[in-house]
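Residue-level structure breakdown
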Amino acid sequence: MTCFPHRLIGLPTIALLITVAGCSSADDSARAAVPGPGTKVTKLCRNLDTELPSKVDGQDRRDPEPASALTAGWGDPAIILRCGVERPEEMNDSESDGVDVNGVGWLLQEQDSGDFRFITTLRKAYVEVTIPKDRTGDGMAPLVDLAPAIKKAVPEGIAD
């Protein structure tokens, strides 16, 4: 009978381990830091979230962790959008800094990782889109897909 208490202790422990293992299985979700803009920009970003397409560059929407209306993602490796990011130091808000894609100006930054980071210019909120190096062969297709939502939700102007 001395084994009986061990079985009671052992079964809950095994159940707990199975539950933990099930919850922490290899999660392929992308991660993105959530920006912390002010109230006005947050409202614009929430509006943008409702306008974003379900597909970008043919990839289904798969939002990154942690979940937020200020971030979105598509595909794997994920194209990541973050709304309400800080203004990059090298950005000149008096004119378009980089490329124009369907009426939305973008500043282009190549990252050390080989990924490409685009940040909207001349908009009331800075929207960042990171395209992984594995997806850069797709050219500007992600920006083309995102332009209508950005034009509708984030007015032209200079972010506060």
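Below, the structure is looked at part by part. Keep in mind that this is a model prediction, so the values were computed, not measured.

1. Thoughts on the packing of aromatic side chains
Under the definition given, this model contains one aromatic pair. Ring plane angle 85 degrees and centroid distance 6.4 Å describe the contact between Trp106 and Phe118, whose orientation is recorded as edge-to-face. Taken together, the residues Trp106 in strand S6 (residues 104-110) and Phe118 in strand S7 (residues 116-121) connect sequence positions twelve residues apart. Taking the relative accessible area as the measure of exposure, Trp106 reaches 0% and is therefore buried. Given a relative accessible area of 4%, Phe118 falls into the buried group.

2. Some details on the state of the cysteines
By the definition in use, this model includes one disulfide. For Cys45, the disulfide goes to Cys83, at an S-S distance of 2.1 Å. Across the S-S bond linking Cys45 and Cys83, the dihedral sits near -75 degrees, which makes this disulfide left-handed. Of the two residues, Cys45 sits in helix H2 (residues 39-51) while Cys83 sits in strand S4 (residues 79-83), which places them 38 residues apart along the sequence. The burial state of Cys45 is the same as that of Cys83; both residues are buried.

3. Some words on the pattern of salt bridges
Per the stated rule, a full pass over the model turns up six salt bridges. Measuring nitrogen to oxygen at the nearest pair gives 2.6 Å for the salt bridge that ties Asp60 to Lys55. Between Glu128 and Arg117 there is a salt bridge; the shortest N-O distance is 2.7 Å. Residue Glu128 is located in strand S8 (residues 127-131), and its partner Arg117 is located in strand S7; the two are separated by eleven residues in the primary sequence. Taking the relative accessible area as the measure of exposure, Glu128 reaches 6% and is therefore buried. Residues joined by salt bridges that share partners form a network here, namely Asp49, Arg61 and Asp63.

4. Topic: the environment of Arg61
As for its placement among the helices and strands, Arg61 is situated in the loop between strand S2 (59-60) and strand S3 (71-74). Put simply, Arg61 and Asp76 are 15 residues apart on the chain and 9.8 Å apart in space, counted from C-alpha to C-alpha. Leaving out residues up to four positions away in the same chain, Arg61 has contacts with Asp49, Leu52, Pro53, Ser54, Thr71, Ala72, Gly73 and Trp74. Only 2.6 Å separates the side chain of Arg61 from the side chain of Asp49, close enough to count as a polar contact. Engagement of the side chain of Arg61 in a polar contact is seen with the side chain of Asp63, the distance being 2.7 Å.

Calculation notes
- Residues numbered from 1 in each chain as written.
- Predicted model: local features only at pLDDT ≥ 70, side-chain atom pairs only at ≥ 80, totals over all residues.
- Heavy atoms only, no water.
- Phe/Tyr/Trp six-rings, centres within 6.5 Å; stacked < 30°, edge-to-face > 60°.
- Helix = DSSP H or I, 4+ residues; strand = E, 2+ residues; numbered from the N terminus.
- Buried < 20%, exposed > 50% of the residue type's maximum accessible area, 1.4 Å probe, protein only.
- Disulfide = S-S within 2.5 Å.
- Salt bridge = Lys/Arg side-chain N within 4 Å of Asp/Glu carboxyl O.
- Contact = heavy atoms within 4.5 Å.
- Polar contact = N/O pair within 3.5 Å; in protein donor to acceptor, adjacent residues only side chain to side chain.

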